[in-house]
Each structure stands twice: as structure tokens, then as C-alpha cells.
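# Architecture and fold: a report
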Amino acid sequence: MEITTAAGMRVWSADQRAAGRRIGFVPTMGYLHEGHLRLVDAARAVSDVVVMSIFVNPLQFGPTEDLTRYPRDLPRDRALAAGRHVDVLFLPDAATMYPPGSDTRVVPGPAAGWWEGEVRPGHFAGVLTVVAKLFHLVMPDVSVFGQKDAQQAALIRQMVRDLDWPVALVVAPTTREADGLALSSRNSYLSGEERRQAVGVSAALRAAHELWRAGETAADRLEAAARVALQMYPGVRPEYIAVAEPDALAPAASAGAGCLMLIAVRVGSTRLIDNVIFGEGIP
Ligand code: AMP
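Keep in mind that this is a model prediction, so the values were computed, not measured.

### Description of the site of the ligand
Around the ligand, a shell composed of 17 residues is seen, among which Met-29, His-36, Asp-149, Thr-175 and Leu-183 lie nearest. Within the side chain of Asp-149, one N or O atom sits 2.7 Å away from an oxygen atom of the ligand. Here a nitrogen atom of the ligand sits 2.9 Å away from a polar atom, N or O, in the main chain of Thr-175. In the complex, the protein chains occlude 92% of the 480 Å² of accessible area that the ligand would expose alone. If you list the elements that add at least two residues to the shell around the ligand, you get strand S2 (23-28), helix H2 (34-45) and strand S5 (142-146). Each residue belonging to the shell around the ligand can be placed in one class, and the counts come to seven nonpolar, eight polar and two charged.

In C-alpha cells form, the structure reads like this:
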């Protein structure tokens, strides 16, 4: 079933709760891939009914970013969601989410100042604001996010904790292509040659993680290993490659288990991000 209005979403959720059903929620921007669908599977494993939202949130895009050309294919998304037995597709439009005069924003903490937040000012305020609104409309018991967007997941976890939200969070592992490339709606921007080069992103993370497994924990050496690995892929231009603390996201001088290596690159005009958790690695 599909719901497009805020009131309709609230009524449906209230009915489910009254019937004692646990609501699982997967927020997305659509152009679905297997990574999104595994979040649905993870939500289903811990809930009775699953809501997926598809909303390309204008608030999280900067003025020079890809909002207008962000890939969209609702008929295909419908078929993929139905194939994974999503109970409700919530499809609000921008006027529903941000009627005129809706100016309030969620202000993220300092963890939003690093990495993606540095390159994309205002991005995380946009993300947290839309997630806050979606949580109010869907009223989920549990919501599932992807480790692919590690900083986003950490900031949402902090928002839920800081604002006493009665929502359990699940962060599901990154789904990858056979060659290691993390699935992303933005991969559709890549030309054939760019796609071949893009494998360098996960190759760089894997190189750093292998060095870590061999006993190296100095962040600068791990970062250097990733950069050296990336030199094999001249089409990939690094924006940042860094070792960061798991929750605060601050740069770490030494990588303990659970620390992250975060990477952002450009391949042609396409921006890709990925990460690995030290101790877990890339499957
Ligand atoms: P998006 O539609 O790209 O905003 O992503 C919606 C949700 O799917 C977010 O929680 C993402 O972290 C998650 N996601 C995107 N790509 C992947 C992936 N390759 N593996 C796991 N989760 C993902």
C-alpha cells in the first residue's frame, strides 16, 4: 500500500500500534538497490510491519549539488519494494514535508563538523531534520540505517539518544558489488570506465584494513596505505581519507578496533563515499 499524506501516515501508524504491531522503518531517497532492500530484510526481522519512505530531501543537498539530477524511478522502486514485501511505501512530496514557513531545523552536535559535514555544510542538519519529521509521522519502534553512511548513522544515533526518542536503531552492514564497490544510487552516474576505476575506493579501504590486521594502528600509516592503493586507480581523486573515532567522528591518531576509516572521492564528476570498521573489514 502507498501513503502520500502526513495525516494518512499518522493514522496508519496509530492503527498498527493500537493493534499491537511493531513498526519497522527504512527511510530512503529511492532509486532502490540491494543495499536498501537488505535494510528492509533487517527491519522485517525485528518488526511486524515495515514502512519504507522514498523522499529526495531537498534540505540535505547544497546549492551546487545533484538534487535535480538525483536518479528517480518510482515504478521500478515500487516493484523492488513489493518484491521484499514492504507493507507501506510512504511517498510524501516536498510540499508535504516542508510546507511554506516550515523553518525549524535540528542542529547536529560537533560530530557533524567533520568529513561530510565539512565538505557539505548544512547537510547533516538537513538529514536530521527530515529523519526527525519522518520519525514523527511513521512513529516506528525500530528504524534501520546503513553503515555505508557511517557519519549519518552516528549522528542519528546521537539525535535519538539526546532527544529521548523511543526508537531502536539498527545499523546494517554495507552491501557491495562482487568486486567490492559499495552499492549506491549515485553509482548510476558512472560511465563504464569510471565504474572500473571506482573499485579503487574499496580496494584502498581493504589495503588499510589488511595493514591494520598485520598490526599497524598508526592512523597516518593506514591512511598512507590507502592512498598508495588508490594510485592504481588514477580516475579516482580522493577528497578525504581518514581514521576517525566511532561515535565522535573526530580524527584518531591510532586505530583501535571499532574505529573507522572514512573515504570520500570523486570519480569524474561523481562523488562517492565508503568506510570500513577496523576489526570488521570488507567482506
Ligand atoms: P539513500 O537512499 O542513499 O539516502 O540511503 C537510504 C539508506 O540506505 C541509508 O540508511 C543508507 O545508509 C542506506 N544504504 C545506502 N547504500 C547502502 C549500502 N550499499 N549498504 C547498506 N546500506 C546502504
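Resuming the write-up.
### Description of the pairing of strand S9 (residues 270-277)
Consecutive side chains along a regular strand alternate between the two faces of the sheet. The buried fraction of S9 amounts to eight of the eight residues, a majority that puts the element mostly inside the structure. The side-chain alternation of S9 yields two buried faces, one formed by Thr-270, Leu-272, Asp-274 and Val-276 and the other by Arg-271, Ile-273, Asn-275 and Ile-277. Where strand S8 (residues 260-267) meets S9, eight bridges bridge the pair, whose relative direction is antiparallel. If you follow Val-267 over to S9, its bridge partner there is Thr-270.

### Digging into helix H3 (residues 74-83)
Capping the start of H3, Asp-73 holds a side-chain oxygen 3.2 Å from the backbone nitrogen of Arg-76, two or three residues further along. In the segment just after H3, His-85 is the residue with positive phi, at about 60°.

### Considering the packing of helix H1 (residues 6-18) against helix H6 (residues 123-138)
Put simply, H1 and H6 touch, their axes get as near as 7 Å, and they point 50° apart. Classified by the angle between their axes, H1 and H6 sit oblique to one another. Contacts between H1 and H6 involve Ala-6, Met-9, Arg-10 and Ser-13 on the former and, on the latter, His-136, Leu-137 and Val-138.

### Some remarks on the sheet that holds strand S3 (residues 49-54)
On the basis of which strands lie adjacent, the open sheet formed by six strands has the order S1-S4-S3-S2-S5-S6 and parallel pairing. The open sheet terminates on both sides in strands that have one partner only, identified here as strand S1 (2-3) and strand S6 (168-172).

### Structural notes on the environment of His-33
Tracing the sequence through the fold places His-33 in the loop between S2 and H2. In this structure His-33 comes out as buried when scored by relative accessible area, which is 18%. In the structure, His-33 is positioned 108 residues away from Asp-141 in sequence and 24 Å away in space, judged by C-alpha atoms. Residues contacting His-33, with those up to four places away along its chain left out, are Leu-183, Ser-184 and Ser-185. Of note is the side chain of His-33, whose polar atom sits 3.0 Å from the backbone nitrogen of Gly-35.

### Topic: the environment of Pro-100
Among the secondary structure elements, Pro-100 is positioned in the loop between helix H4 (94-97) and helix H5 (116-119). You can call Pro-100 exposed: its relative accessible area is 85%. Spatially, the C-alpha atom of Pro-100 lies 51 Å from that of Glu-210, the residues being 110 residues apart in sequence.

### Remarks on the nonpolar core
In terms of nonpolar packing, the biggest core is built from 44 residues, with Met-9 and Val-51 touching the most fellow members. Among the elements that take part in this core, H6 stands out by supplying ten residues, more than any other. Looking at which domains feed residues into this core, each of domain 1 (2-172) and domain 2 (185-277) supplies at least three. Each residue touching Val-51, except ones within four places of it in the same chain, is listed here: Met-9, Trp-12, Ile-23, Gly-24, Phe-25, Val-26, Val-88, Phe-90 and Val-138. In terms of nonpolar packing, the next biggest core, distinct from the first, is built from 30 residues, Val-201, Ala-208, Ala-219 and Leu-230 among them.

### Some remarks on the domain arrangement of the chain
Taken domain by domain, the chain comprises domain 1 (2-172) and domain 2 (185-277). Placing a centre on the C-alpha atoms of domain 1 and another on those of domain 2 gives a separation of 26 Å. Opposite the 22 residues of domain 1 that make contact, domain 2 presents 22 residues. Both faces considered, domain 1 and domain 2 share a buried interface measuring about 1,900 Å² in area, 54% of it formed by carbon and sulfur atoms. Seen at the junction of domain 1 and domain 2, the total is three salt bridges. Two residues, Asp-247 and Arg-157, come together in a salt bridge whose shortest N-O distance is 3.2 Å. Taken together, the connections running from domain 1 to domain 2 amount to 13 residue pairs in polar contact (both at pLDDT 80 or more). Looking at the side of domain 1 that touches domain 2, the elements with two or more residues in it are H5 and helix H7 (150-162).

### Brief notes about unusual backbone geometry
A positive phi angle, near 60°, is found at His-85, a position not held by glycine. When you line up the elements, His-85 lands in the loop between H3 and strand S4 (88-90). Judged by relative accessible area, His-85 falls into the exposed class, the value being 56%. Residues other than glycine seldom take positive phi values, yet Leu-249 does so here, at roughly 65°. Within the secondary structure, Leu-249 sits in the loop between strand S7 (236-244) and S8. Classification of Leu-249 by relative accessible area gives buried; the value is 0%.

The rules behind these values
- Residues numbered from 1 in each chain as written.
- Predicted model: local features only at pLDDT ≥ 70, side-chain atom pairs only at ≥ 80, totals over all residues.
- Heavy atoms only, no water.
- Near = heavy atom within 4 Å.
- Polar contact = N/O pair within 3.5 Å; in protein donor to acceptor, adjacent residues only side chain to side chain.
- Areas by Shrake-Rupley, 256 points an atom, 1.4 Å probe, with all protein chains shown as cover.
- Helix = DSSP H or I, 4+ residues; strand = E, 2+ residues; numbered from the N terminus.
- Nonpolar A, V, L, I, M, F, W, Y, C, P; charged D, E, K, R; others polar.
- Buried < 20%, exposed > 50% of the residue type's maximum accessible area, 1.4 Å probe, protein only.
- Pairing = 2+ DSSP bridges.
- Axes fitted to C-alpha atoms, helices over the stretch in contact; angles between N-to-C directions.
- Parallel < 35°, antiparallel > 145°, perpendicular 65-115°, else oblique.
- Contact = heavy atoms within 4.5 Å.
- Core = buried A, V, L, I, M, F, W, Y, C linked by side-chain atoms within 4.5 Å.
- Domains from an automatic or database assignment.
- Buried area = accessible area lost by both parts, 1.4 Å probe.
- Salt bridge = Lys/Arg side-chain N within 4 Å of Asp/Glu carboxyl O.

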